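Each chain, written out:
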Amino acid sequence: MFLSETKKSMKLALAGLLAMTMLLSACGNNNGGNAANSSAAPAATAEGAAEATTAPSETAAPAAEKTVKDAMGHEVTVPANPQRVLGSYLEDYLVTLGVTPVAQWSIANGGVQDYLSDPLKDVPEISFDLPLEAVTSFAPDFHIVQSEGSVQNGLYDQLNKIAPTYVLGDEISKDWRKALLTIADLLNKTPEAEKAIADYEQKAADAKEKITASFGEKSVAILWLVQKNFFIVDETRASGAVLYGDIGLQLPNLVTDIPAESRATWNPITLEKLAELTADHIFLVNSDQTDASDILNGPIWQGIPSVKAGKVTELSATSSWLYSGAYANTKTIDDAVSALVK
Amino acid sequence: MSRMIAPASAKVSHSRHLTILMLLGILIIVMFIVSMNTGLMRLTPLEVVHTLLGDGTRQQKLILFDFRLPRIVISMLVGAGFAVSGCILQSLSRNALAEPSTLGINAGAGFAVIIFISFVPATAAGHIFVLPLMALIGAMLTAALIYFLSYRREDGLSPTRMILIGIAVGAGIYAIQMILTLRLDPQNFQFVSIWLAGKIWGGDWRFVLALLPWIAVILPFALYKSRVLNLLNLGDQTSAGLGMPVEKERLVLLAAAVALSGACISVSGGIGFVGLIAPHLARRLVGPKHQVLLPACALIGSLLLITADTIARWILQPAEIPTGIVVALIGAPYFLYLLAKSKA
């Protein structure tokens, strides 16, 4: 009984094995091609679209290709004169340096960095998670990535096949001046970066003088209202770094109450807690234009002393207050001056 | 015994089975071609052929050889792996609900990954190879735990007990997993949640190389054990009566199934349902004999996942949805259909 059964099942097993081998070997064959194309020159198709997007470089000196080490320790060869730069969420720096990127950061349903809508008017969008085929379609010749976290699990190697990819790193990204100088160095635009920073410091000093004269060194609070939740910014980033760090205004009690080690850039804060806010002026970045009216008309919000006194400046979500960078901070200063200097 | 009853019909079904296997093979090839032509970058079929023959632009080569093909190959391998693993587990437990994810093996692998990510930031170097290893270890440990808990000295391993304990262990692990997940920072949280939903990574030939040995060894091994699986399907006592060392064979096959699914999870994350549906479909098509059931399973699994991955890349362009979610979207209605049908 078993013997004949075995014969038959052997045949079937063999057929099955054959089918599986076919399946497997069909997969294995395409392995050879990829080593060769990773180092080849940029495609001819890319060049047609190239000229319009990149502003002519002012550096006349003949730049040479250079090899640098990025935040993750990759050796990156930066082209002599990158023409098609991609730097998702680093657009502020690129714009400051006079470079128009080939694509701009976006999230689903058309969310972009609205405060940059002027300089990036004609720049197409790329999803924040950098889909490989999307990156390829823009044919960048140099790619800067902001955070280590966004290129984990082998994504870096894939991106680096498309174009030399430099990871700026979270540590440098924290400080917009450092980030700007690092990027400028990569793109041979250090003089532009130094000028932008000097201009900014001058503007901040002027603003500080005006604000101190008119408003004094009082405390202000910067609140961000999103999906009916309030967040309060500390002095390290974005508009917080501008107002507290560069202009020298005082942090409000609600921020100083949070122990320094558990402070975040944006600290969640309950409406009840907000009732204790004693800031002399409130900047409210309202990302909830429509459905937040019941909160803003509610008794708790209306009961805050500075709200009662009418010392609130509302900024829309398209303002620069949530962002860092020379371009963003310059706009933030303009907003602050027009709100505080009477 | 069986030979006396049906020599003629065996021959007929034999050729019918071959036809079905061939048909599945052809469908996979068709889907393979469709998948190569699917993506954000428009490549016409002609351009694909040109690129395959070696004269595409650099961009086209990059997209085809470095992004699309590895991903397609990985989905095929993973699909076959999960399907065969599910098939073995179903036969071992004689329970149609058994598969890596119901047995808690997916949960165990995910758990190991989360623990690892909690301690080593996702950006550390070498991550790409350590992570799969962690998933594999997690899967193995979970399986060992389930086996240990469901083994009784007096009556060996009860399949039903194994399933129930697997579900319980899986639920427990999920709970702890949830707690740990909530403590991750946003960056890692996003990574883990996508991983858990089952996403085939942008694709990388290195993953193919990492996965291939497992598939290439365990699939033929399972096929070699077809007869044992056929017997186990009859029940422990019958198999033991026919002179088979039931407990030993079961342990070996269980280890094979877990290793297979663990290897697949490590590359693709927890894609459930494939291990559940593919054996069901295969059984309907070719019957319960493992000599042909296993190959059919592998082919159906491949077909299912290559299709799911193609849909995942295409449906919400330019965004991608995790492949595991697409499989579940296809799988759930099919299961409801099965349920409705079996009631009638």
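What you see is a predicted model, and the numbers here were worked out from it, not measured in a lab. (Residues numbered from 1 in each chain as written. Chains lettered and ligands numbered in written order. Predicted model: local features only at pLDDT ≥ 70, side-chain atom pairs only at ≥ 80, totals over all residues. Heavy atoms only, no water.)

Colleague: Would you mind going over the overall build of chain B with me for this structure?
Modeller: Within chain B one finds 15 helices and two strands. Looking at the 344 residues of chain B, the share that counts as buried comes to 56%. Looking at chain B alone, contacts between residues at least 24 apart form 75% of all its contacts between residues at least 6 apart. As presented, chain B carries roughly 14700 Å² of accessible surface, and 73% of it is formed by carbon and sulfur atoms. (Helix = DSSP H or I, 4+ residues; strand = E, 2+ residues; numbered from the N terminus. Buried < 20%, exposed > 50% of the residue type's maximum accessible area, 1.4 Å probe, protein only. Contact = heavy atoms within 4.5 Å. Areas by Shrake-Rupley, 256 points an atom, 1.4 Å probe, with all protein chains shown as cover.)

Colleague: What exactly am I supposed to notice about the overall build of chain A here?
Modeller: Assigned secondary structure in chain A consists of 16 helices and 12 strands. The proportion of buried residues among the 342 residues of chain A is 49%. Counting contacts in chain A only where the partners sit at least 6 residues apart, residues at least 24 apart contribute 64% of the total. Summed over its atoms, the accessible surface of chain A is roughly 15600 Å², and 55% of this surface lies on carbon and sulfur atoms.

Colleague: What should I look at first to understand the packing of aromatic side chains in this one?
Modeller: Describing an aromatic ring pair means giving the distance of the ring centres and the angle of the ring planes. All names here are of chain A. Evaluation of the coordinates by the stated rule reveals nine aromatic pairs over all chains. With 5.0 Å between their ring centres and 90° between their planes, W176 and Y200 make a pair best called edge-to-face. Residue W176 is found in helix α8 (residues 176-186), and its partner Y200 is found in helix α9 (residues 190-214); the two are separated by 24 residues along the sequence. Y200 gets classed as buried once you look at its relative accessible area, which sits at 2%. Aromatic ring contacts, followed pair by pair, group Y89, W105, Y115, Y323 and Y327 into a single cluster. Over the ring of F215 we find K218, and its NZ or CZ is 5.1 Å from the ring centre. (Phe/Tyr/Trp six-rings, centres within 6.5 Å; stacked < 30°, edge-to-face > 60°. Lys NZ or Arg CZ within 6 Å of the ring centre and 35° of its normal.)

Colleague: I would appreciate a short explanation of the side chain of S239 of chain A in the present structure.
Modeller: With respect to the helices and strands, the residue S239 of chain A is situated in helix α10 (residues 238-246). Residues in contact with S239 of chain A, not counting those within four places in the same chain, are I222, W321, Y323 and T332 of chain A.

Colleague: Is there a simple way to explain the pattern of salt bridges in this structure?
Modeller: When charged atoms on two side chains of opposite charge get close, those side chains can pair. All names here are of chain A. Evaluated as defined, the whole model comprises 14 salt bridges over all chains. Across the pair R177 and E201 runs a salt bridge, and its minimum N-O distance is 2.8 Å. A residue pair is termed long-range when its members are at least 10 positions apart, and R177 in helix α8 and E201 in helix α9 qualify at 24 residues. You can call E201 partly exposed: its relative accessible area is 32%. Close ionic contact of K195 with D199 constitutes a salt bridge, the shortest N to O distance being 2.9 Å. Residue K195 and its partner D199 are both found in helix α9; the two are separated by four residues, about one turn of the helix. Taking the relative accessible area as the measure of exposure, K195 reaches 53% and is therefore exposed. Several salt bridges converge on common partners, so that one network encompasses R177, E201 and D246. (Salt bridge = Lys/Arg side-chain N within 4 Å of Asp/Glu carboxyl O.)

Colleague: Would you mind going over the sheet that holds strand β8 (residues 220-226) of chain A with me for this structure?
Modeller: Note on sheets: strands pair through backbone hydrogen bonds, and any given pair is parallel or antiparallel. Residue and element names in this part refer to chain A. Strand order across the open sheet formed by five strands is β10-β9-β8-β11-β12, with mixed pairing between neighbours. Sheet topology places β10 (266-269) and β12 (312-316) at the edges, where each strand pairs with a single neighbour. Neighbour-to-neighbour, the strand axes of this sheet turn through a mean angle of 30°, independent of strand direction. Bridge count for strand β11 (residues 281-286) against β12 is five bridges, and the pairing is parallel. Directly across from V285, in β12, lies its bridge partner L315. (Pairing = 2+ DSSP bridges. Axes fitted to C-alpha atoms, helices over the stretch in contact; angles between N-to-C directions.)

Colleague: Looking at this structure, I do not really get the domain arrangement of chain A. What am I missing?
Modeller: Note: interface size is frequently given as the accessible area lost on complex formation between the parts. Residue and element names in this part refer to chain A. The assigned domain composition of chain A is domain 1 (44-188) and domain 2 (202-340). At the junction of the two partners, domain 1 supplies 15 residues and domain 2 supplies 14 residues. Across the domain 1/domain 2 interface, buried area totals approximately 1200 Å², and carbon plus sulfur atoms make up 57% of it. Its largest share of buried area at the contact with domain 2, domain 1 owes to D92, Y115 and W176, together 50% of the area lost on that side. Remark: the boundary between domain 1 and domain 2 carries one salt bridge. (Domains from an automatic or database assignment. Buried area = accessible area lost by both parts, 1.4 Å probe.)

Colleague: Explain the nonpolar core here, please?
Modeller: Within soluble globular proteins, side chains that are nonpolar tend to cluster in buried spots. Within the largest apolar cluster, 180 residues are counted, with the highest numbers of intra-cluster contacts made by L159, I183, L243 and F283 of chain A together with I88 of chain B. Ranked by residues supplied to this core, first place goes to helix α4 (residues 58-93) of chain B with 20 residues. Both of domain 1 (44-188) and domain 2 (202-340) of chain A provide at least three residues apiece to this core. In this structure I183 of chain A touches L90, Y93, L94, L97, I144 and L168 of chain A, once residues within four positions along its chain are discounted. Membership of the second largest hydrophobic core comes to 19 residues, among which are L223, I232, A292 and W301 of chain A. (Core = buried A, V, L, I, M, F, W, Y, C linked by side-chain atoms within 4.5 Å.)

Colleague: When you look at the environment of L64 of chain B in this model, what are you seeing that I'm missing?
Modeller: Residues and elements named next belong to chain B. Locating L64 in the fold gives a position in helix α4. In sequence terms L64 and V208 are 144 residues apart; their C-alpha atoms lie 15 Å from each other. With near-sequence residues (within four places) excluded, L64 lies in contact with M36, L43, V48, T51, L52, L69 and P70.

Colleague: For this particular structure, what's the right way to read α10 of chain A?
Modeller: For an α-helix, the turn length of 3.6 residues means that residues three or four places apart are oriented alike. Residue and element names in this part refer to chain A. Within α10, seven of the nine residues are buried, which leaves the element mostly enclosed by the surrounding structure. Three or more residues of α10 are buried, namely A238, S239, G240, A241, V242, L243 and Y244. In this structure, the buried residues of α10 make contact with α9, β8, β9 (229-233), β11 and α16 (326-340). Taken from the residues just after α10, G248 is the one with a positive phi, measuring 85°.

Colleague: What exactly am I supposed to notice about helix α7 (residues 159-182) of chain B here?
Modeller: The terminal C-alpha atoms of α7 of chain B lie 34 Å apart, and with 24 residues this matches the ideal 34 Å at 1.5 Å per residue to within 8%. Taken as a whole, α7 of chain B has its buried residues at P159, R161, M162, I163, I165, G166, V169, G170, I173, Q177 and T181 of chain B. (Expected span 1.5 Å × (residues − 1).)

Colleague: Can you walk me through a nonpolar patch on the surface in this structure?
Modeller: Residues L23, I26, V30 and V34 of chain B make up a contiguous nonpolar surface patch of about 340 Å² in total accessible area. Given a relative accessible area of 38%, V34 of chain B falls into the partly exposed group. (Patch = residues over 30% accessible without salt bridge, like charges linked within 9 Å, V, L, I, M, F, W, Y side chains within 5 Å.)

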